[in-house]
Amino acid sequence: MEGPEPELIRQSWRAVSRSPLEHGTVLFARLFDLEPDLLPLFQYNCRQFSSPQDCLSSPEFLDHIRKVMLVIDAAVTNVEDLSSLEEYLAGLGRKHRAAGVKLSSFSVAGLGLLALRGRNDKVPLPLQTVGESLLYMLEKCLGPAFTPATREAWSQLYGAVVQAMSRGWDAE
């Protein structure tokens, strides 16, 4: 990613990364609001959660939130060279596929337009639950600092991460 987008992403992430567990919980609460059918995918020690709140307060799930926020942190850190994370992200895609997560839950987010990798033209892409939840969390955390340019930058980063993860669903 080039231009002003990497700096917008890094700058906005600094605010979020001060309280990753708090903001990650906002992300997952929104995710469960949008797609309640995802809740059964999260089981720890054969324990089925009775509600999103039950899940969001469990120590095991809080650990999952920390891991997700670390993945986002790695993407931010490597925003100008995401290719260095390609293998890791593809492996993450394989893990999610094995757990029963559908790629459509991750499909590229963005209410606006996303640039296709290696192309100058832009096409509208659908907003999906994980991406929408990420943008929702960023908006709640950043308030007025979550500008349309910041939203677009994060949408581009998210799209690149999902593209790399999708290789894990495609493998085998």
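Small disclaimer: the values here were computed from a predicted structure and weren't measured.

(A) Broad picture of the overall build of the protein. Helix and strand content of the protein: eight helices and four strands. Each helix and strand of the protein, placed in order from N terminus to C terminus, yields the pattern α-α-β-β-α-α-α-α-β-β-α-α. Considering the protein as a whole, with its 172 residues, one finds that 42% of them fall into the buried category. Of the contacts formed within the protein by residues at least 6 apart in sequence, a portion of 65% connects residues at least 24 apart.

(B) Spatial organisation of the environment of Phe61. Within the fold, Phe61 resides in helix 4 (residues 59-77). Sequence spacing of Phe61 and Thr25 is 36 residues, and the spatial spacing of their C-alpha atoms is 9.6 Å. With near-sequence residues (within four places) excluded, Phe61 lies in contact with Phe28, Phe32, Phe42, Tyr44, Cys55 and Leu56.

(C) Summary view of the pattern of salt bridges. With the rule as written, the count across this model stands at six salt bridges. Through salt bridges with shared partners, a single ionic network connects Glu7, Arg10, Arg14 and Glu80.

(D) Representation of the packing of helix 2 (residues 20-34) against helix 7 (residues 129-142). Remark: helix 2 packs on helix 7, axes separated minimally by 8 Å, with the N-to-C direction vectors making an angle of 135 degrees. Relative to helix 7, helix 2 is oriented oblique. The crossing of helix 2 and helix 7 is right-handed. Two secondary-structure elements touch here, helix 2 through His23, Val26, Leu27, Arg30, Leu31 and Leu34 and helix 7 through Thr129, Val130, Glu132, Ser133, Leu134, Tyr136, Met137 and Cys141. Counted by class, the contact of helix 2 with helix 7 contains nine nonpolar, three polar and two charged residues.

(E) Fine view of helix 5 (residues 86-98). Counted at 1.5 Å a residue, the expected span for helix 5 with its 13 residues is 18 Å, and the 18 Å between its end C-alpha atoms agrees. The set of residues buried in helix 5 consists of Glu86, Leu89, Ala90, Gly91, Leu92, Gly93 and His96. Positive phi shows up at Gly100, right after helix 5, with a value of about 95 degrees.

(F) Layout of the confidence of the model for the protein. When pLDDT is averaged across the protein, the result is 82; 83% of the residues are at 70 or more. When mean pLDDT is compared element by element in the protein, helix 2 scores highest at 94, while strand 4 (residues 122-124) scores lowest at 33. Between residues 109-127, whose pLDDT stays under 50, and residues either more than four places distant or in other chains, the model counts 41 contacts.

About the cut-offs
Throughout, a residue's number is its position along its own chain's written sequence, starting from 1. The model is predicted, so local features are restricted to residues of pLDDT at least 70 and side-chain atom pairs to those at 80 or more, both for listing and for counting; the totals for chains, interfaces and linings are taken over all residues. Water and hydrogen atoms were dropped before computing side-chain values, which therefore reflect all heavy atoms in the structure. Starting at the N terminus, helices and strands are each numbered in turn, a helix being any DSSP run of H or I of at least four residues and a strand any DSSP run of E of at least two. The buried label goes to any residue with under 20% of its type's maximum accessible area, the exposed label to any with over 50%, and the partly exposed label to all in between, with areas taken from a 1.4 Å probe on protein chains only. It only takes one pair of heavy atoms within 4.5 Å for two residues to be counted as in contact. Basic side-chain nitrogens of Lys or Arg form a salt bridge, by our definition, when they fall within 4 Å of a carboxyl oxygen of Asp or Glu. Note on geometry: axes are C-alpha line fits, over the in-contact stretch for helices, and angles between N-to-C directions span 0 to 180 degrees. By the definition adopted for this analysis, an angle is roughly parallel if under 35 degrees, roughly antiparallel if over 145, roughly perpendicular if from 65 to 115, and oblique otherwise. By definition, any crossing whose near helix is turned counterclockwise from its far helix by less than a right angle is left-handed, and any crossing with a clockwise turn is right-handed. Only Asp, Glu, Lys and Arg are considered charged in this grouping, and only Ala, Val, Leu, Ile, Met, Phe, Trp, Tyr, Cys and Pro are considered nonpolar; every other residue, Gly among them, is considered polar. Residue count minus one, scaled by 1.5 Å, sets the expected span of a helix. Per-residue confidence from the predictor is reported as pLDDT, a score between 0 and 100.

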